[in-house]
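Spelled out from the first residue to the last, the chains are:
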Amino acid sequence: MLRRERVSDHAYVFRSNLYAHVNAGIIATDEGCVLIDTLPFPQETAEIKRFVQDRLRSEVRYIILTHSHADHVYGAHLFPQAEVIGHLLARDMMIKHTRPALTEARKKNPALSSVLLRLPTLLTEEEAALRIGGFTLVLRHSPGHAPDVLNVYFKDEKILFASDTIMPIPFFANGNINDLRHSLRAVLEIPRLEDVVQGHGPVLLRGEVREILGEHLAYLDRVEAHVDEVLANKGGKKELARLSVEDCGFSATALDGLVQKLHLANMATLYALRRHQLLQKQKAAVA
Ligand SMILES: [Zn+2]
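Every residue gets a number counted from 1 within its own chain, in the order that chain's sequence is written. Per-residue local features of the predicted model are confined to residues with pLDDT of at least 70, and side-chain atom pairs are confined, for both listing and counting, to 80 or more; whole-chain, interface and lining totals are unaffected and use all residues. Side-chain measures were taken over the full set of non-hydrogen atoms in the model, leaving aside hydrogen atoms and water.

## Examining the nonpolar core
Link 1 in the chain: Grouped together as the largest cluster of nonpolar side chains are 40 residues, with contacts concentrated most on Leu160, Ile166, Leu193, Val196, Val223 and Val227.
Link 2 in the chain: Only runs of H or I of at least four residues qualify as helices and only runs of E of at least two qualify as strands under DSSP, and these elements are numbered from the N terminus. Listing elements by their share of this core, those giving two or more residues are β11 (159–163), α4 (177–188), α5 (209–232) and α7 (258–286).
Link 3 in the chain: Broken down by element, the residue count for this core peaks at ten residues, all from α5.
Link 4 in the chain: Segmentation of the chain into domains, including their bounds, is taken from an automatic or database domain assignment. Counting contributing residues per domain, this core is built from domain 1 (3–207) and domain 2 (222–286), each supplying no fewer than three.
Link 5 in the chain: Once you skip the residues sitting within four places of it in the chain, Leu193 turns out to touch Tyr153, Lys158, Leu160, Val187, Arg206 and Val209. Take the buried residues of types Ala, Val, Leu, Ile, Met, Phe, Trp, Tyr and Cys, join any two whose side-chain atoms come within 4.5 Å, and each joined set is a nonpolar core. The buried label applies to any residue whose accessible area, calculated with a 1.4 Å probe on protein chains only, is under 20% of its type's maximum; exposed applies above 50%, and partly exposed to all values in between. Contact criterion: two residues are considered in contact whenever any of their non-hydrogen atoms come within 4.5 Å of each other.

## Notes on the packing of aromatic side chains
Link 1 in the chain: Think of it this way: a Phe, Tyr or Trp ring, Trp meaning its six-membered ring, pairs with another when their centres are within 6.5 Å, and the plane angle makes it stacked under 30 degrees, edge-to-face over 60, tilted otherwise. Counting across every chain of the model gives four aromatic pairs.
Link 2 in the chain: A ring pair is formed by Phe14 and Phe51, whose centres lie 5.4 Å apart and whose planes are at 70 degrees; its orientation type is edge-to-face. Of this pair, Phe14 sits in strand β2 (residues 11–15) while Phe51 sits in helix α1 (residues 42–55), and the two are 37 residues apart along the sequence. The residues Phe14 and Phe51 share a single accessibility class, namely buried.
Link 3 in the chain: Taken together, a centroid distance of 5.5 Å and an interplanar angle of 90 degrees make the contact between Phe135 and Phe154 edge-to-face. With Phe135 in strand β9 (residues 135–141) and Phe154 in strand β10 (residues 150–154), this residue pair connects regions lying 19 residues apart in the sequence.

## Observations concerning unusual backbone geometry
Link 1 in the chain: Although it is not a glycine, Ala20 adopts a positive phi angle of roughly 50 degrees.
Link 2 in the chain: Among the structural elements, Ala20 can be located in the loop between β2 and β3 (23–29).
Link 3 in the chain: The class for Ala20 is buried, based on a relative accessible area of 10%.
Link 4 in the chain: Positive phi is not limited to glycine here, since Lys234 has a value of about 55 degrees.
Link 5 in the chain: Judged by relative accessible area, Lys234 falls into the exposed class, the value being 77%.

## Some details on α5
Link 1 in the chain: By this rule the span expected of a helix is its residue count minus one, scaled by 1.5 Å. Between its first and last C-alpha atoms α5 spans 35 Å; for 24 residues at 1.5 Å apiece the expected length is 34 Å, and the two agree.
Link 2 in the chain: Backbone geometry just after α5 places Lys234 at a positive phi near 55 degrees.

## Considering the sheet that holds β2
Link 1 in the chain: When DSSP finds two or more bridges between two strands, those strands count as paired. One open sheet accounts for seven strands, arranged β1-β2-β3-β4-β5-β6-β7; its pairing is mixed. Looking at which strands have only one partner, the edges of the open sheet turn out to be β1 (3–8) and β7 (122–124). Taking each pair of neighbouring strands and ignoring which way they run, the sheet shows an average axis angle of 20 degrees.
Link 2 in the chain: Looking at chain direction, β2 and β3 are connected through five bridges and run antiparallel. The partner of Phe14 across the bridge, within β3, is Ala24. To get an axis, a line is fitted to the C-alpha atoms, and for a helix only the part in contact is used. The angle between two axes follows their N-to-C directions and goes from 0 to 180 degrees.

## Some words on the packing of α5 against α7
Link 1 in the chain: Interhelical geometry of α5 versus α7 gives an angle of 55 degrees and a closest axis separation of 10 Å. It follows that α5 is oblique to α7 by the angle criterion. Considering the relative orientation of α5 and α7, their crossing is right-handed. Where α5 abuts α7, its residues Tyr219, Val223, Glu224, His226, Val227, Asp228, Val230 and Leu231 lie against His263, Asn266, Met267, Leu270, Tyr271, Arg274 and Arg275.
Link 2 in the chain: For the contact of α5 with α7, the residue count by class is eight nonpolar, three polar and four charged. If an angle is under 35 degrees, it is roughly parallel; if it is over 145, roughly antiparallel; if it lies from 65 to 115, roughly perpendicular; otherwise it is oblique. Working rule for handedness: look at the near helix, and if it is turned counterclockwise from the far one by less than a right angle, call the crossing left-handed; if clockwise, right-handed. Under the convention adopted here, Pro, Cys and the residues Ala, Val, Leu, Ile, Met, Phe, Trp and Tyr are nonpolar, Asp, Glu, Lys and Arg are charged, and Gly plus all remaining residues are polar.

Structure, rendered in structure tokens:
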């Protein structure tokens, strides 16, 4: 069974039990529902579909895919009548990366054998809005975790679906640390924001959002300083791993321990980037 939470009058969150506590959302209106992301396995997304049909006596009219990563997009084929919305880059990235990865995943995991990728056909770049049932959802580009991430702000009930811009530990190994900083600051600037639905893990409550985002920004600084120090001392991967998740003030058991992997991947990505930048600089100095 999925974990279901009602986060406001018209917003529900469904959390995966099978992979990395991924969240999907439902906004329920008199003119139908908006599904924000799907869950990693179709059997879980099918539970959301049943909830919409049997409990809400409604149907999903739009699916917003917040980015192209597999764990958020594998269930869209269960709603063939719904329009799929995403960032312009998400469509390209799904064609280039998600689709070939799915072909491989289907061979290895029978639970995924029925998955068909649905590409977004309504595309946004910087900002767009969706009006439905008298409500407004604002879709904003929020790169950093990946280049194609969208945040969805349910303006009427002040709930932000932040996608992977906000996770139990910031994760930018497939994106860019500076973009993520910028996107986290943009969340802090949303006036009267209440709860935040992260891409993975528990819903953040109004009283804790500012503090947690402050910790995320501090984490990015801490990781950057550590990577630069390791590079300056000509250290390698072993030295990188000396900065632990706990040193950065996060729980190492969050997401069933997956956060430790994410943290190491962050540092490895940043290390490779900084080293490359350093080499370019040295080359330029010689030339
Ligand atoms: Zn992701």
